[in-house]
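For reference, the chains in residue letters:
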Amino acid sequence: MTDSAAPPILPPRQTYASVTDQLASIPLHFPTRRRWLIALCIASALFGLLCVSAAVLFTEGVGIWGINIPVNWAFAIHNYVWWLGIGHAGTLISALLLLLGREWRNSLNRFAETMTLFAVICAGIYPVLHLGRPWFLYWMFPYPSTMKVWPQFRSPLEWDIWALLTYLIVSTVFWYIGLIPDLAAARDRAHRRRWQVFFGILSLGWRGSALHWLRWQQAYRLLAALAVPLVVSVHSEVSLLFAAGTIPGWHSTVFPPYFVLGAAFSGFAVVSMIAVVLRAMFDLRNLVTDQHLDILGQVLLATGLMTAYGYVFEIFDALYSGDAHDIQTLTNRFTGQYAWSYWGAIAFNFVALQPLWWRSVRRTPWMLFAISTCVAVGMWLERYMILVTSLYRDFLVSSWGEYHPTFWDWATYIGTIGLFLLPFLLVIRLLPVISIFETKEVLHEEHREPGHGK
Amino acid sequence: MENEQAAFGMLAEFESAEALVAAARKARAGGYRELDAFTPFPVPELARVLRLRERRVLLLGLYGGIAGFCIALAMQLYVSFDYPLNVGGRPQYALTAFAVVTFELTVLFAALTPALGMLILNGLPRLHHPLFAARRFHLASKDRFFLCVLASDGKFDAGETENFLRKLKPASIELVKA
Amino acid sequence: MRREHSSFDLSRARAAAAAGGKRFWTCLEELLDEDGFRAWMAGEFPAAVPLFEEPGRRQFLKLMGASLLLAGLTGCGDNRAEEALPYVNQPENLTPGVPRHYATAVLFEGYAQPVLATTYDGRPTKLDGNPDHPAAHGRSDAFMQAAIFGLYDPERSKIPSRARAPTTWEAFAGELEKLRTRWNERRGEGLRLLTGDTTSPTLIRQIRQLQQQLPMLRWHRHEPIGHANIPEGMRLAFGRPAMPQYRLDLCDVVVGIGHDLLGPGPRQVLHAGQWTRRRGEIAPGQGRQRLHIAESTPGLTGVVATTRLACDASRLPLLVQALAASFEIPGWPAPALEDDERAWLERAAGELRKSAGKSLLTVAPQLAAECHAAAAAINERLKNNGMTVWYSEPLHAVPEKEETLTALCRDMAAGVVDTLIIVDSNPVYTAPAGLAFAQGLEQVPHRIHAGLHFDETAQACGWHLPLHHALESWSDARAADGSMTILQPVIRPLYASRSLHQVFDMLAGIHDPPADGAVRATWRDAFGKDFDERWRRALHDGFVADSAAEPLTLTATAAPPFKAPEAAGGEIDIVLGPDPTIWDGRFANVAWLQELPKPLSKATWENVIAVSASLAAAQGLAQGDLAEITAGERRVRGAVWIMPGQARRTASLAFGYGRRSGGEIAQCGGYDAFALQSAERQGFARGTIRRIEGKAVIATTQAHHRMDGFDFVREVTAEDPALPSARTAKTLYPDWPAADHAWGMVIDLDRCIGCNACVAACNVENNVLVVGKDEVARGREMSWLRVDRYYTGDIESPRSYFQPVPCMHCEDAPCEMGCPVHATTHSPEGINQQVYNRCIGTRTCSSYCPYKVRRFNWYDYRKRDEASRAAKNPEVTVRSRGVMEKCTYCTQRIETAHAQADKEGRALRRDEVVTACQQACPTQAIVFGDLKDPGSAVSAQRASGRHYVLLEELGTRPRTTYLARWNDTPGEGEG
C-alpha cells in the first residue's frame, strides 16, 4: 500500500472553512436534485420488487425458488455471502487504515462505512427469507421456551446469526460515533429551522470540548481495533457454513482466509465504484483525488491477487488430497454444467484485474469503475460457483441434480439492490458523505509538516 | 457579583490549533486550572497541556469484553447442561464449537460499553449548553479554536481574566452567560 | 341434478310454487315433487327423505349436510348389518385409536392378493401381505400397497347414471325388469357379458346359473395383459388347458426366455418368495441357483440374472425353437442364430441338461401358445415336470374360442349383439385397436357398464353402475397358488355402489340383493354342514384352509410343429407391455402409483418409448426427444428413453397412459399403447420409429446412472467371497451413553430385485405426500426410501444394480451438527430423529447429508394430496410446509412395540420391531433389528463377509449398512 510520506493527498490551498462549507453544504443545499431523484425512483422500484417477492415467498413457500434436493441452498445463501463480503471492505477501510494511520482513508471512510451498513442489512434479510418457516426465526435465540428446548450452538448457522447481528450492531455504532462531530458541524452551518433541529438532535449536543475529543478518540480507536478482528471472524464463520459440511468442494481448511480475502476484494471494488460516482456527482475531485483512486486500485489489485491465490490453492487442495470425490467436484467446476460460473469468476476476478498494474489505468475513473464492476460480478459468480457446483453433484451419483434459478430467485436478488440503494441515497442526501473533521485533521497535518504520519 | 455567579466562563477565540495550544499553555502558567478548549477536530497536544487524565473509557472496554466472554460461554454451557442432546455424536460441551459465539459476544460487549461510556462520561446527549449562546461559538465546529476559562475556576474574575486572555491575542473574547 | 325425461313444464312449476304458498324448494324437481326425485333422494340421502313429509329447508339442509358428512366418513349405502368379522359382532371390543386387523384380499387381474388390512375406527389405512397365507407369507408388492388409495380415490364413480345423468339403483332395477322379460323371451339371444379374467367361485357360479336361465347368453372375457397363451399352450401340450406352477425354490438352473419371472404381476410375490428361499442359500460348495434370461427389454429378473441376453422380441421364439431343436422336439427345426444368441443358448441348454430334474425353462406369457407347448415338452424331457414345475387346473375360468373379445367384436360388428353388459373392465380403452371395439359397441342397442370409475367405456354406455372396491365388498377369489380367499369388507361402502355379485344377483332377477348373499350361498354349498365354523375360520385366516390348487398328472404329447416367423427386414420390433406401476391403466388414477418411479427408467407420471442406444443413434434420437412409432396404419407419439440393455432393434412401449377419461390423474399424460395393439398378436407389433419435432421433460427421480468408478454397490465372487472388513471408524468424540437397544438395518443387495414394494410400503406407512409431475421434474420427490439404479459396463449389455437407500442413521451425523434449533438429534437408541414441529427449514441438514436422503416440504403439499387424506396413518405426523423430513426407521412402530412390552412388563422380543419396508420386501432383502443383541438377525447379517458401509471413508458411522452382491456372471465372477 502507499506510504503517506508520499506527496500530500489533498491538494493545497484548502482551508478548514472551505472544506467545512463544501461538505456540510451537500445536505444543506443539495446540488444534483434531479439525478438524485431519478436514482431514488429506480431504487424504490427495486425495493418494491423485493417487497413483492418477499410477500409471495411468505405466502407460497421457498418452493417458488429453483432450489431442490440436492441443491437446496442457492441464491439466498449465495447472495447473503456476496452482500456480507461487500460490507466488509467498509469496515476494513475505516477501521484498519485508521489504526495504521493512513489519512487518505479519511476521505473515503464515511461512505465506505455507510455502504457496509446497508450491505450488511441486505445480507441480513436472507437468513430470514431462506427459512422454510421464517415465522419461527426466533427459535434461533436462547429463550426459556415451554418445550425447554434451546438453540444448537454447534451449528454454523447458529454462529452465523450471532456473528451477523454483532457485526451489524458494531458497524452501526462505529458509523454513528464517527458521524457525531460532523453532525455538529452541519448543525452549526444549518440556517433553516428544520435542519437545525434535525442535526441538533442527531449531534447529541456535541461541542468539541478537548476532554470530549479525548474520550471520543479512545472509544473510536477501540471500536476500530475491535472491528478488524470482527470482520475477519465474521467472514471466516460464514465460510464455515460450507466448510463444516462434508460436501466435496466445501470441506476444506482453506475456506476461512479464502472467504475473508474474497470479501475484502469485492468490498473494495464496490467502494471504488461508489467513490467514482460520488466524486463525479458532487464534484469532490479536490477531496477524493486521483491519488485516492490510485490507492484503491492498488488495494483492489492486491486483494484480487490474494483471492487468485485462493483459487490456486483450491485446486492444489483437491489434487493433493487425492480424494476421488474432491477431484470429481473439481472437474465438474472446470468442465461441468456450471463451468461458466467458474471460468466467469476467473475472467472477471483475475483477468479483468490485470490493467490495474498501470498507474494511468488506476487514475482513470471510468476504467477503475469498469474494472470494479467486473470484480463485483466476478465475486458474485464465484460465490455461485462455490455453492452450486459443490451441491449439484455430491457423493452419490444417484442423487445428482441440477439447479435453475426461477424468476423469483432473480426478483429477490435484484430487489435487495434496491434495499441497498434506497437508504444509501437517503444518507448521502441527508448526512455529510465525507468525514469533515477528519478531512480537516488531514489538512492540519499537512499544513504543519506535510506528509507526516500520526 | 451576580453576573460572575451567572457567568459560565470566558471564551477566547483563536485562528489556529497551534495558537490555541500556546494560549492554553500560558493560561495554565497563569495559574488557571479550570480550562476547557473547543476544536473542530481532535488536537492531541491539548490533552497534555491541559493535563487531562482519562482511562475509564478503555477500562470500560476491557470490562465489557470480559463480561461478554463470560456471558457467552456460560450461556452455551448452561444450554448444553440444561437439556443435553446427542447432536451427531459431538461432545456435550463442545468448547471448540462454542468459541465462535463466545468471540462474537466478547467483541459486541467490548464495543458497546466504551461507546456508551464515552457518551455518558461526556454528559451527552445534552442538546442545550451555555456555550451555544456564545456569538461565534458555532465556528468551533468549522475553523476556529476556542479556549474557555470556566467560572468555576477559583482565580476566575470577569475583568482580570478578560485582561489576561487579551494578552494572548485572541481573535475575539466573550463572556459566556451560564 | 339433471335426470332423464325431465321435460320442464313452466306452468306446472308456477302452479306448484303458488299452491305451496311459502313452500321452500332447492331445485325444480323438488318443487314439482316428482317421484323420480324422491327416489333419487331415497337412494342418495336416505336420512333426508322423511323431510319431504314436513318440508323445512333449514332442517333439510342440516340433514343433507350431515348425510353428506356421513358419506365422507362411513358411506351412505344401505344400513343393513353385514357380518364382517369380528367387527360388527363385537363392537364393544373396539377401542378408538387402536388399530384392528382384518384378513381379506384385493384383486389383481382376477387373482386375490391376500392382505392383512390395518384399520383405525373402521377406516383402513394400510395393507400388508397376509403373513399366514401360503402364497404371500406377509410379503406384498406395490399394487397391493397402493390398493388403499384406489379405495379412497375421490374420482371413483359414486352413483348410478344413465346417459351421464345421475339416477338410482331402483331406476336400474326398473330398467332391468323390462330387459329381463325380453331376454327371457329370446332365451338370452343377443345378450352378452364381458368381464376380465376371474377366479371368483361365486362370480363363476352366478354366471353359470344365469346361463342356465338364459342358455343363449354368452360370457366373453378380456384381460388386457393376462396370460391367455399359457393355458392354450398347455392345451396343445397336454390336450387340456392347465396352468404351470413353478417351484423356483427347487431349481438349480432357471432359463427364462422373455419371461420376467420376478417382474410386476399377480405372481411377483409368489415367485420372489420362492426365488429368495433358493437365492438365500449360498453356503460354500452348494452352488447358487443360476438364472439365465433372454429378454428384449430389461426386466427385474434380467437385473439379477447370472447371464442376460438382450435379444430382439421377434427373435425370442427363435430361441425357443433352437432350444426345442437341441432337445429334439419333433417338428422344431434349428433356426439360424447370431453368435451371441448361440453362445447364450448353448450355455443355457447345457446347464438345463446338466441339472435335469432341478432345472426349469419358462417362456414369456405373450409368446405363441406353441412356444409354451414346447417349453412343457422340454421340461418333460428334463424330468422337470412334477419337480420344478407342476401343472394345475387353470385358476381362472378359461374362455372358449367363442368367448373371447375377438368373437364379441365380430358379433357386435355383425349387429347380432342386443345387450352388452361390461363388468369391471374398460375395453373401450384397453381393447386392441385392431378390434375396433368402440365402433362395434355403437352397434349395440343396450349397453350397461359396471365399474369403479366413469371411464372411457362408461361414457360409451347408456347405463353406468358404480361397483364396490374390493375392500368394501363381499367376494371371493383365488390367489396365485390357487388357495381361496373370502373377501370381507373392511369399511362401509363410501358411495352408493354395489358389489359385482350384487349386480349379477340383480341380473338374475333379485331386486335388492344383500351384500354378502351370493358369497355365503357359494360357500354354504362348499362348506356343507359346519358352515358357520369354517366360514368364521376362513374369514379370520384370510384364506380357506388347504384350498390350494391340486397338481394334475399330465404327460406331454409332443408339441405341435412350429416354425417361428423369420424377422422381416427394415422394420423394428415393438413390444407392448404393462406399465410397472399402473399396469394396464386400471391403477392410473392413483396419484401415488403415478409418482412411484418405474424400476428401471426411474421415470414418473408417464410412459416412455424405451429404445436401445444403437437404435437411438441410428434414428438420431436423444433422451426425451419426441418420436412417432408407426405400425401399419396405426401410430403413437411419445418421449424417447434410451434404455441401457435394451435389445438393439426393439422399442418397448407401456400400456396404461394416454387415458381419455377415468379421472384427472389418470389423464395426466403419456401415450396410449393400446392404439398399436393388433388383433392377432398380443403385446407385439412390427413397425418403424422416427424422430418428430419437440422434446419432452421426463420427470425422473434419478438422472445419472453410471457408478463413475465409485463402489456404492460392491460385489463379491466365489473366488473371493469376503470384502475387506469394515474399518473401525475412529472418532475423537467421546461415546454417548447408549440405551438398551441400538437399532440398525442391513440391506442385502444380492436379494434386491428393485420391485418398489419397500418404497410403496414406506410411503403408505409414513404418510409421504404426492407432489406431482412438475415437482418431481424439479427434483422434489418426497419418498424417504429410494431405490437407486446403477449400471456398469457397455450400454448395450450393461450390468445393472439396485440399491435401496433409506436414511443411514449415522452415529456421527453431519446433518444433526448443522441444525441450529435442535430439530434433528440422535436418540439414545441411535435413531437420527427429525422433530418436525421444531424444524424451521434452514435445510442445512440436507446440504450436509452425504447420502441426500432428506426430503423437504417446499410447498404445503398437503393441499395437493387431499385424495389420500382418509388413508393417513394416524400414528405419523403429516408434515407441513417448510419442514424437513426423512426416514425414521418407522419410529412409531418401535415406540408401539416399547409400549406393548412395557404393558406386558417384559423386554422387547428379539426382532419384534419390523419396519414397513422390511415387512413388505418380497425377497426379505431388508433386515432390521437390535445391534446390541448378538442373536438378532441384523447382527448376524453384519457379521457376513459381504457386509460393507456406504461411503465409509466419510466416517459418519452409519447404522444402515449393506451386504455386497454376488457376481457369478461367467468371466466376471465364477466361471
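Residues numbered from 1 in each chain as written. Chains lettered and ligands numbered in written order. Predicted model: local features only at pLDDT ≥ 70, side-chain atom pairs only at ≥ 80, totals over all residues. Heavy atoms only, no water.

A. Representation of the interface of chain B and chain C within the structure. Listed per partner, the contact involves 8 residues of chain B and 12 residues of chain C. Of the roughly 1100 Å² buried between chain B and chain C on both sides combined, carbon and sulfur atoms contribute 64%. Counting across the chain B and chain C interface gives 0 salt bridges. In this assembly, chain B and chain C are joined by 3 residue pairs in polar contact (both at pLDDT 80 or more). (Contact = heavy atoms within 4.5 Å. Buried area = accessible area lost by both parts, 1.4 Å probe. Salt bridge = Lys/Arg side-chain N within 4 Å of Asp/Glu carboxyl O. Polar contact = N/O pair within 3.5 Å; in protein donor to acceptor, adjacent residues only side chain to side chain.)

B. Structural view of the packing of aromatic side chains. In total, this model carries 78 aromatic pairs over all chains according to the counting rule given. A ring pair is formed by A:F75 and A:W380, whose centres lie 5.5 Å apart and whose planes are at 90°; its orientation type is edge-to-face. With a gap of 305 residues between them, A:F75 in helix α3 (residues 75-99) and A:W380 in helix α13 (residues 365-391) connect regions that are remote in the sequence. Each member of the pair, A:F75 as well as A:W380, carries the same accessibility label: buried. Over the aromatic face of C:Y429 sits the side chain of C:R659, whose NZ or CZ is 5.0 Å from the ring centroid. (Phe/Tyr/Trp six-rings, centres within 6.5 Å; stacked < 30°, edge-to-face > 60°. Helix = DSSP H or I, 4+ residues; strand = E, 2+ residues; numbered from the N terminus. Buried < 20%, exposed > 50% of the residue type's maximum accessible area, 1.4 Å probe, protein only. Lys NZ or Arg CZ within 6 Å of the ring centre and 35° of its normal.)

C. Just the packing of α3(A) against helix α5 (residues 156-189) of chain A, in detail. All names here are of chain A. Their axes nearest at 12 Å, the elements α3 and α5 cross at an angle of 40°. Looking at the two axes, α3 sits oblique to α5. The element α3 and its partner α5 pack so that their crossing is left-handed. Side by side, α3 and α5 meet where Y80, L84, G87, H88, T91, S94 and A95 of the first sit next to D160, L164, Y167 and F174 of the second. Taken together, the residues of the contact of α3 with α5 break down into 6 nonpolar, 4 polar and 1 charged. (Axes fitted to C-alpha atoms, helices over the stretch in contact; angles between N-to-C directions. Parallel < 35°, antiparallel > 145°, perpendicular 65-115°, else oblique. Left-handed = near helix turned anticlockwise from the far one by under 90°. Nonpolar A, V, L, I, M, F, W, Y, C, P; charged D, E, K, R; others polar.)

D. Structural detail: the interface of chain A and chain C. On the chain C side, the residues contacting the 54 residues of chain A number 53 residues. Note on chain A versus chain C: buried area summed over both sides is about 4400 Å², and carbon and sulfur give 56% of it. The tally of links between chain A and chain C comes to 1 salt bridge. C:K852 serves as the salt-bridge partner of A:D394, at 3.2 Å between the closest nitrogen and oxygen. The tally of links from chain A across to chain C stands at 36 residue pairs in polar contact (both at pLDDT 80 or more). Considering each element in turn, the side of chain A that touches chain C owes the most residues, 4 residues, to helix α2 (residues 33-60) of chain A. Partitioning the side of chain A that touches chain C into residue classes produces 31 nonpolar, 17 polar and 6 charged.

E. Geometry of the domain arrangement of chain B. Each domain of chain B was delimited in the assignment, giving domain 1 (2-53 + 132-177) and domain 2 (56-121). Using only C-alpha atoms to locate each centre, domain 1 of chain B and domain 2 of chain B end up separated by 45 Å. (Domains from an automatic or database assignment.)

F. Geometry of the pattern of salt bridges. Per the counting criterion, the structure on display carries 73 salt bridges over all chains. Note that A:D294 is salt-bridged to A:R359, the shortest N-O span being 3.5 Å. Of this pair, A:D294 sits in helix α9 (residues 290-321) while A:R359 sits in helix α12 (residues 359-362), and the two are 65 residues apart along the sequence. Note that C:D411 is salt-bridged to C:R410, the shortest N-O span being 2.9 Å. Judged by relative accessible area, which is 7%, C:D411 ranks as buried.

G. Quick look at a positive patch on the surface. Among the surface-exposed residues, B:R25, B:K26, B:R48 and B:K169 lie close enough to one another that they form a single positively charged patch. Here B:R25 is to be found in helix α2 (residues 17-29). (Patch = residues over 30% accessible without salt bridge, like charges linked within 9 Å, V, L, I, M, F, W, Y side chains within 5 Å. Areas by Shrake-Rupley, 256 points an atom, 1.4 Å probe, with all protein chains shown as cover. Lys, Arg positive; Asp, Glu negative; His and termini not counted. Charge placed at Lys NZ, Arg CZ, Asp CG, Glu CD.)

H. Quick look at a nonpolar patch on the surface. Together, B:L59, B:L62, B:Y63 and B:I66 give the surface a local cluster of nonpolar side chains, amounting to about 390 Å² of exposed area. Checked against the element boundaries, B:I66 lands in helix α4 (residues 56-82).

I. The arrangement of the nonpolar core in detail. Ranked by internal contacts, the top residues of the largest apolar core, which has 411 residues, are A:W83, A:F242, A:W250, C:I257, C:L319, C:L593 and C:L653. Leaving out residues up to four positions away in the same chain, C:I257 has contacts with C:A294, C:L316, C:L319, C:V320, C:L323, C:W344, C:L361, C:T362, C:V363, C:A364 and C:L367. If you look at the next biggest cluster of nonpolar residues, it comprises 28 residues, including C:L176, C:L210, C:W219 and C:L467. (Core = buried A, V, L, I, M, F, W, Y, C linked by side-chain atoms within 4.5 Å.)

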